[in-house]
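The chain contents come next:
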Amino acid sequence: MIHSRLYVGHLHCVLHAGVALGILLPQSVFHCGVLFEDSFYSPFKGQLELHEDVKIYIEENYEQINIPVPQFGGSDPADIIHDFQRGLTAYHDIALDKCYVIELNTTIVMPPRNLWELLANMKKGTYLPQTYIIQEEMIVTEHVNDMEQLGSFIYRLCSGKETYRLKRRTARRRINRREAGNCNHIHHFENTFVVETVICKKS
Ligand SMILES: *[C@@H]1O[C@H](CO)[C@@H](O)[C@H](O)[C@H]1NC(C)=O
């Protein structure tokens, strides 16, 4: 299920590491912030700000996103890995200390080289005049026992943590109040828009 809500976004990034003596290193770290409006989270308060660190590993073909505790309520801090080699995404919800794994969605996640180019240009203060927030709902399915099948990058993130598979909820319907208590929200971006991933336990 996907809701798109219009918002006015302003994305800015600072490259912390990744270029030394004018040479592009295989790992880059961007610190990014996006200002957005979301009437659901902030009917009166106006703009919300979401920060994240984006580590891009071009050679190994993966991205790691670290989201500190958001300044707005109802959204969890998280570490996310998009592994393009394995075709998997892992969310480590830091508030729950649990890991969730799903197939990488290449429609919404930019590959490392493209993301690098997008973020490198954002440091100049590029304005995204009108873009949107995507909400996607995931349902927790089976427990993952064999962690090594997830590849070494996700293994490193999730090893020692309870890890579950997710499946995308496709039926277009509203989450009711009882179910909402079973759901955790993670806001993140790895493209020109913000994604709100809603992870729900089966009720
Ligand atoms: C990828 O994400 C888009 C937008 O949320 C969605 O429409 C599409 O079904 C997703 N694709 C897969 C394979 O999950």
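Residues numbered from 1 in each chain as written. Predicted model: local features only at pLDDT ≥ 70, side-chain atom pairs only at ≥ 80, totals over all residues.

*Asks:* Help me get a handle on the overall build of the chain, residues and values and all.
*Replies:* The helix and strand inventory of the chain stands at three helices and 11 strands. Each helix (α) and strand (β) of the chain, taken in turn from the N terminus, gives the series β-β-β-β-β-β-β-α-β-α-β-α-β-β. Looking at the chain residue by residue over its 203 residues, the buried ones come to 32%. Nonlocal contacts in the chain, meaning residues at least 24 apart in sequence, comprise 60% of its contacts between residues at least 6 apart. (Helix = DSSP H or I, 4+ residues; strand = E, 2+ residues; numbered from the N terminus. Buried ≥ 20, exposed ≤ 12 C-beta atoms within 10 Å, placed from the backbone. Contact = placed C-beta atoms within 7 Å.)

*Asks:* Report on the pairing of strand β5 (residues 78-83), specifying residues and quantitative values.
*Replies:* Burial runs high along β5: five of the six residues are buried. Note: strand β4 (residues 62-67) against β5, six bridges, orientation antiparallel. Looking across to β5, one finds that N66 is bridged to D79. Sheet topology note: the β5/strand β6 (residues 88-93) ladder contains six bridges and is antiparallel. Note that in β6 the partner of A78 across the bridge is D93. The antiparallel hairpin formed by β5 and β6 contains four residues in its connecting segment, where G87 sits at a positive phi of about 70°. (Pairing = 2+ DSSP bridges.)

*Asks:* Any details on the nonpolar core? Residues and values, ideally.
*Replies:* In terms of nonpolar packing, the biggest core is built from 40 residues, with C32, A90, L119 and I154 touching the most fellow members. If near-sequence neighbours (up to four positions away) are discounted, L119 is found in contact with C13, F30, C32 and V54. (Core = buried A, V, L, I, M, F, W, Y, C linked by C-beta atoms within 7 Å.)

*Asks:* So what about helix α1 (residues 112-122)? Which residues, and what values?
*Replies:* Because each turn of an α-helix spans 3.6 residues, side chains separated by three or four positions in sequence point in the same direction. Every buried residue of α1 is accounted for by P112, L115, W116, L119 and M122. Projected onto a plane normal to the axis of α1, the buried residues spread over an arc of 125° and lie on a single side. Exposed positions of α1 whose direction lies more than 90 degrees from the buried face are R113, E117 and N121. (Arc of directions from axis to C-beta.)

*Asks:* Describe the pairing of strand β3 (residues 47-57), naming the residues involved and giving the relevant values.
*Replies:* Burial along β3 is one-sided: the face carrying L48, L50, E52, V54 and I56 is buried and the face carrying Q47, E49, H51, D53, K55 and Y57 is not. Two strands pair when backbone bridges link them, and β3 and β4 are joined in this way by five bridges, in the antiparallel orientation. In the sheet register, D53 faces β4, and the bridge partner there is N66. As consecutive antiparallel partners, β3 and β4 are separated by four residues, and within that stretch N61 has a phi angle of approximately 65°, a positive value.

*Asks:* Tell me what's going on with unusual backbone geometry, and back it up with residues and numbers.
*Replies:* Residues other than glycine seldom take positive phi values, yet N61 does so here, at roughly 65°. In this fold, N61 is placed in the loop between β3 and β4. Within the chain, D97 stands out as a residue other than glycine whose phi angle is a positive 50°. As for its position among the elements, D97 is in the loop between β6 and β7 (98-103). When the 10 C-beta atoms within 10 Å are taken as the criterion, D97 is described as exposed.

*Asks:* An account of the environment of G74 is requested, with residue identities and associated values reported.
*Replies:* Counting through the fold element by element, G74 comes out in the loop between β4 and β5. Taking the C-alpha atoms as reference points, G74 and H185, 111 residues apart in sequence, are found 6.7 Å from one another.

*Asks:* Explain the environment of N105 residue by residue, including any values.
*Replies:* Assignment of secondary structure puts N105 in the loop between β7 and α1. Looking at N105, the number of C-beta atoms within 10 Å reads 13, which means it is partly exposed.

*Asks:* Before we move on, could you go through the environment of N66 and cite the residues and values that matter?
*Replies:* Mapped onto the elements, N66 comes out in strand β4. You can call N66 partly exposed: it has 18 C-beta atoms within 10 Å. Taking the C-alpha atoms as reference points, N66 and H51, 15 residues apart in sequence, are found 8.8 Å from one another. When neighbours within four sequence positions are excluded, N66 is seen to be in contact with E52, D53 and D79.

Interpretation note: all reported values are geometric properties and have no functional meaning in isolation.
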